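These are the residues of each chain, in order.
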Amino acid sequence: MMRQAIRTLRHRKSGFIATFVAVVFGTAIVMACGGLMETGIRSNVEPQRLAGTSLVVTGKQSHLRPGEEDATPLPERVGVPVDALAKIRSTQGVSSAVGDYTFPAVGPSVAEGHNWSSAALAPYHLTSGHAPRSGEVVVSSGKPGDHLTLIVNGDPKTFTVSGIAPTAGTNAFLSDDDAAQLVRNPDRFADVGVQVAPGANLGDVKKSLEKLDGSLTVRQGVDRGLAERPDAESHKTALIAVAGSFGGIATMTMMFVVASTLALAAQHREREFALLRGIGTTPGQVRRMILGEALLVSLPAVAVGVIPGTFLGRFLFDQLSTHGVASPVIQFSQGLIPFAAGAGAAVLAAIGAGLIAARKSAKIRPVEALMEASLQRKWFSWIRLLFGLLFLGGGLALLIVTATVMTGPLAASTAGPSILCWAIGVALLGPFWTKVVLAFWRWPIQALTRVNGRLAIRNLSARSVAMSAAVMPVMLAVGISTANLYMQTTQVHASSEAFTRDLRADAVLVSDAGLSPALLQQVRSVPGVASASAYVRSIGAVDDPRKSPFDEDGAPVIGVDAQGANGTAPVRLTSGSLAGLTGSTVAIPDYMATKTGRGVGSEVSMTMGDGTPVKLRVVATFAAERGYETIMMPASLVAAHTTDGLTKQILVRAAPDADVRPGLAKLAAAHPTVQVADRSTLVAANAEDLQTQAWVNYMLVGMLIAYTAVSVVNTLVSSTLRRRREFALQRLTGSTRFQVLRMLWTESTLVTLAGVTLGTAVALACLLPFSAKVSNSALPTGPLWIYGVIVAAATILTFGSTLVPATTTLRHAPTQPSYND
């Protein structure tokens, strides 16, 4: 039967093009997502500043809360205690170990400062000058004797260039004593570079170092680069999450599209299978032929799909790194595993669809097969009914979980998968839903189109089972695109509202190089300033997870200064006061206070972003929307436990009718790198961050939309070409080409209306519970033109995929052989 399958492909090329195209694009999409996943898991960062080390010792960038199995990632650099350096040096097999102080130092061609002894870890060599002494610095360009001003901890400091190390890049090296004085936490090295003695086994030394302290991590090989770029480690989780969630949805969508396309191709050949059964072909021979065709189409398509999959994976990673989701220093990886995932999913989808199609075509009796192919009375099999109900049940379960359990942004974790469950469930039971929707739309269409409308409606009623194959791809495209796009617009709007609702600042001073502690007092003395506070953000972990409203991703932490009722803190207090927010104190959301039973005066145990445990006394509680809760601490406490230890923003609130902008602008002009922004700029910057995150999702969703659009075109073109005999018969009985096209125009209108109606219903089943959880309204938020564009695109695809091939076919005389191909 393989020979028969090859002959079938030779003489029915057009019937298998749709399956070939679906497999090619499906393989490319899944392979690209697999490449993103592999890149995130590997997170290979080529070491530069630590390239000369055998091993690098860093702090463990995660914290395991009591009673939890999943560790909370720590976003700030944990570091290595200075006391551990002696233990590391005394470990058997270690020839030398050097601690590295790292701190922000911003100046011409300079971004970071380090102690000179750590220059040996690269190693960086001097080409002129000498090692730095007190007040001196080694940089990559210039000449010895030059004076260089660097912004360190928000204050300008001038150093004399003592030497030049051309390969140092943007690193500046100070004397060890100067570095220890300028780094915010001199009790911890950023990392320790280790050289292994000649003849010592690298693996054994690594194991010995790991046994020294459970809070340390030992890196070797390409992983040493992660010690230099801890931000790459924090991006690792985000990249894996994006690749995993989108890859799973893309894989399911691809398998569904490939399976439905191949099943449709088999359905269009039911008369052929009936004739084969009628001349004595056994069921086993029919099954082998259909499976052979599926393999003959899918295997070459997989080979072709590898080429765009490679380029697509690289393109997606570049876009994610450009927009801050992935670290640009990570090396993109796409090996055999992503290829196996894409190829395997595509081939399995083709084989699965072939088995389903073969089961139906091979099992039926020859006479029944001819009648079934002619009349198409059967809606769907019991297996299809079972799986359709299961997917609808899954969508309903996710809807209930979203509406009752999830809060705020977490609702997307269940609302997102629900759209796929609803869409697949409706598609599996497509003939039923198509008949229901057409029963609604048939009367207004018939009233508007008269004779051609009645002919089209009778045509669709008689062919409702086959017509559902044309409606379902439109439903899939409209449902997935509407739900995903409006989920993003609703999330962005809700997050923006949560940010601006309690924002009480009229202006903000910002500096990426950090703001001097003395600047805050100068801001408060500006005429018209009613209140000013440092503003620092980080993430910590509440060490009572059974009673904490925060999950394993940690609790957002905001650092502000103690202030009265007219302060700039973006909260609405419900008890206590922020006047006592000093030292080891905290203000918590009232929901957390209620859930934990801890009010003002109680104690909360937390782990800061750098892994430092703290015990905090509650001085206030405040109102916070569910899902957007934060914890508020003194700015000095939060800044001390961040990677750079800097305050980069100062919030300013003006007195009534006072204009503080001129005074703040004059103050900022006297401090390099400091800029003044008003409230609208602050809101716009937050919105831009939200839009950046949403853009990534738009891009990924757009890729799925494009893929489902391919399915729409494939299905409708194939369905239209299948009806060539019908068009010929209509013309032989007196219908003109224009009348046939008018009938198809009406049919396309009904298909579009049915697909858009079902797609909108599927999208609303996802959007309504999601919107109710992330915002104050059950209705999704976003511009109406998005929905208009989706509907317009679905309409153009439907009409174009139907009328273009029909017009080409109708150019020939009804008696020509082209109608019988």
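Residues numbered from 1 in each chain as written. Predicted model: local features only at pLDDT ≥ 70, side-chain atom pairs only at ≥ 80, totals over all residues. Heavy atoms only, no water.

Student: Break down the packing of helix α22 (residues 737-774) against helix α23 (residues 784-810) for me, with residues and values.
Tutor: Contact pair α22 / α23: the axes reach a minimum separation of 9 Å and the direction vectors enclose 150 degrees. In terms of orientation, α22 and α23 fall into the roughly antiparallel class. Considering how the two elements wind past one another, α22 and α23 form a crossing that is right-handed. Contacts between α22 and α23 pair R737, V740, L741, L744, W745, S748, T749, V751, T752, V756 and T760 from the former with Y787, V791, A794, T795, T798, F799, T802, L803, A806, T807 and L810 from the latter. Across the contact of α22 with α23, the residue classes tally to 13 nonpolar, eight polar and one charged. (Axes fitted to C-alpha atoms, helices over the stretch in contact; angles between N-to-C directions. Helix = DSSP H or I, 4+ residues; strand = E, 2+ residues; numbered from the N terminus. Parallel < 35°, antiparallel > 145°, perpendicular 65-115°, else oblique. Left-handed = near helix turned anticlockwise from the far one by under 90°. Contact = heavy atoms within 4.5 Å. Nonpolar A, V, L, I, M, F, W, Y, C, P; charged D, E, K, R; others polar.)

Student: Account for the packing of helix α21 (residues 724-732) against α22, naming residues and giving values.
Tutor: Between two packed helices, the angle of one axis relative to the other and the distance separating the axes together describe the packing. Packing of α21 against α22 leaves a shortest axis separation of 9 Å and a crossing angle of 135 degrees. The angle between α21 and α22 falls in the class oblique. The interaxial crossing formed by α21 with α22 has right-handed handedness. For the pair formed by α21 and α22, the contact residues are E726, F727, Q730 and R731 on the first element and R737, V740, M743 and L744 on the second. For the contact of α21 with α22, the residue count by class is four nonpolar, one polar and three charged.

Student: I'd like a description of unusual backbone geometry, backed by residues and values.
Tutor: Cis geometry marks the peptide bond from A122 to P123; its omega dihedral reads -5 degrees. As for its position among the elements, P123 is in the loop between β7 (110-115) and β8 (128-129). A positive phi angle, close to 75 degrees, is found at T673, a residue other than glycine.

Student: Tell me what's going on with empty space enclosed by the protein, and back it up with residues and numbers.
Tutor: Using the criterion set out here, one finds seven cavities of 30 Å³ or more in the structure. By volume, the largest cavity amounts to about 250 Å³. What lines the largest cavity is a set of 21 residues, and nearest its centre among them are R77, N185, R188, T642 and T643. The set of elements that each furnish at least two residues to the lining of the largest cavity consists of β6 (102-107) and β13 (188-189). If one sorts the elements of the lining of the largest cavity by residue count, β6 sits on top with three residues. Residues of the lining of the largest cavity, tallied by class, amount to eight nonpolar, seven polar and six charged. (1 Å grid on protein atoms, 1.4 Å probe; cavity = no way out; pocket = protein on both sides within 12 Å on 5 of 7 lines; lining within 4 Å. Points joined across faces, edges and corners; volume = space filled by probe spheres on them.)

Student: Give me the side chain of H63: which residues, what numbers.
Tutor: Here H63 is to be found in strand β2 (residues 62-63). H63 gets classed as buried once you look at its relative accessible area, which sits at 17%. Only 3.1 Å separates the side chain of H63 from the side chain of T607, close enough to count as a polar contact. Beyond its immediate stretch of four places on either side in the chain, H63 contacts A71, T72, L74, A541, D543 and T607. (Buried < 20%, exposed > 50% of the residue type's maximum accessible area, 1.4 Å probe, protein only. Polar contact = N/O pair within 3.5 Å; in protein donor to acceptor, adjacent residues only side chain to side chain.)

Student: Hey, could you go over the packing of aromatic side chains for me, with residue numbers and the actual values?
Tutor: Pairs of aromatic rings are described using the distance from one ring centre to the other and the angle between the two planes. What the rule picks out here adds up to six aromatic pairs. Aromatic pair F317 and F332: ring centres 5.7 Å apart, planes at 35 degrees, arrangement tilted. Pair noted here: F317 is in helix α9 (residues 283-322) and F332 is in the loop between α9 and α10 (336-363), with a separation of 15 residues, a long-range link. With respect to burial, F317 and F332 carry one shared label: buried. With 4.7 Å between their ring centres and 65 degrees between their planes, W745 and F799 make a pair best called edge-to-face. Linking W745 in helix α22 with F799 in helix α23, this pair joins segments that are 54 residues apart in sequence. (Phe/Tyr/Trp six-rings, centres within 6.5 Å; stacked < 30°, edge-to-face > 60°.)

Student: Before we move on, could you go through the pattern of salt bridges and cite the residues and values that matter?
Tutor: This structure, assessed with the given rule, holds eight salt bridges. Across the salt bridge formed by D100 and R49, the nearest N and O atoms sit 2.6 Å from each other. One end of the pair, D100, is in strand β5 (residues 94-100); the other, R49, is in the loop between α2 (13-42) and β1 (55-59), with 51 residues separating them in the sequence. This pair shows no difference in class: D100 is buried, exactly as R49 is. Here R49 and D191 are joined by a salt bridge, their closest N and O atoms 4.0 Å apart. On the criterion of sequence distance, the pair formed by R49 in the loop between α2 and β1 and D191 in strand β14 (residues 191-196) is long-range, its members being 142 residues apart. With a relative accessible area of 4%, R49 lands in the buried category. What you see here is one network of salt bridges that share partners, running through R49, D100 and D191. (Salt bridge = Lys/Arg side-chain N within 4 Å of Asp/Glu carboxyl O.)

Student: Which residues make up the sheet that holds β14, and what values go with them?
Tutor: If you walk across this open sheet you meet the four strands as β5-β14-β1-β15, and the pairing is antiparallel. Every interior strand has two partners, whereas the edge strands, β5 and β15 (216-220), have only one. Across the sheet, the mean angle from the axis of one strand to that of its neighbour is 25 degrees, orientation sign disregarded. As paired elements, β5 and β14 share six bridges and run antiparallel to each other. Looking at β14, one finds that A97 is bridged to V194. (Pairing = 2+ DSSP bridges.)

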